[in-house]
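Structural overview
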Amino acid sequence: MKKYSNEIKDIAEKYNITESLLFSVVWNENKYRNNIHLAKDIGGLLLKGNASLGLCQVQMTTAAYLDTNPESKSISNITHKEFESIKREAFDTLSNEEKSVLQEKLMYNDIANIDYAAKYLSLVKEASGHSEPKILLSNYNRSPNHWNDSPNDYGDAYREYVSVNSSPHSQQ
């Protein structure tokens with residue numbers, strides 16, 4: 001993560017989120033990752049045509065949806081099934097070549113992957129009206145109809161990230 005410190009800072013600023021939040025996504029998505037997880041990612045691609053890829057584990061359907069530059073109000077009060085359908089629709093409009101390029105970008109371009117994660121966090125922040133880091137981190141892995149729920153274990157890991165990495169990237 002340290003090798004991307006400057007980029008994470010710039011990307012967080014670009015999307016008006018705290019760099020500690022963005023760092024915590026990268027940290028959280030990688031603290032227990034190993035080759036078994038990579039195999040599951042590839043299996044997801046082969047079986048479903050979708051998988052969570054790269055440093056921030058961005059789903060291909062989410063990235064395709066973010067590439068449409070959605071407005072936050074379009075997702076603020078929808079169900080998980082509706083959200084997945086909207087993302088799948090965006091993904092399905094891509095040609096096979098575009099899907100392949102997106103897959104490569106998510107898997108092998110760490111900066112692009114971090115940018116997608118930040119763009120998604122920014123969209124969630126705007127759509128949900130929440131700016132508290134533990135809630136946003138929780139909402140990174142929840143569907144819109146759960147964005148007003150209390151922080152989950154994933155969101156509670158924000159405090160863990162900050163305590164383990166007390167540095168200039170701690171809570172702003």
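It should be noted that the structure appears before, not after, this text.
Everything numeric here is computed off the predicted structure, so don't read it as measured data.

Cut-offs and rules
- Residues numbered from 1 in each chain as written.
- Predicted model: local features only at pLDDT ≥ 70, side-chain atom pairs only at ≥ 80, totals over all residues.
- Heavy atoms only, no water.
- Salt bridge = Lys/Arg side-chain N within 4 Å of Asp/Glu carboxyl O.
- Buried < 20%, exposed > 50% of the residue type's maximum accessible area, 1.4 Å probe, protein only.
- Helix = DSSP H or I, 4+ residues; strand = E, 2+ residues; numbered from the N terminus.
- Core = buried A, V, L, I, M, F, W, Y, C linked by side-chain atoms within 4.5 Å.
- Contact = heavy atoms within 4.5 Å.

A few points about the pattern of salt bridges
Applying the stated criterion to the full structure yields four salt bridges. Measuring nitrogen to oxygen at the nearest pair gives 3.7 Å for the salt bridge that ties E71 to K73. One exposure class covers both E71 and K73, and it is exposed. For the salt bridge of R88 with D92, the shortest nitrogen-to-oxygen distance reads 3.6 Å. In this pair, R88 and D92 are both assigned in helix α5 (residues 80-92), four residues apart and thus about one turn of the helix distant. Among the residues examined, R88 registers a relative accessible area of 28% and is labelled partly exposed.

With respect to the environment of Y161
Relative to the helices and strands, Y161 resides in helix α9 (residues 153-164). The exposure class assigned to Y161 is buried, which follows from its relative accessible area of 1%. Sequence spacing of Y161 and V25 is 136 residues, and the spatial spacing of their C-alpha atoms is 9.2 Å.

Topic: the nonpolar core
If you look at the biggest cluster of nonpolar residues, it comprises 47 residues, and the most contacted ones within it are L22, C56, I114 and Y140. The element contributing the most residues to this core is helix α7 (residues 110-128), with nine residues. Contacts of C56, omitting those with residues within four sequence positions, involve V25, V26, E29, N113, I114, A117 and Y140.

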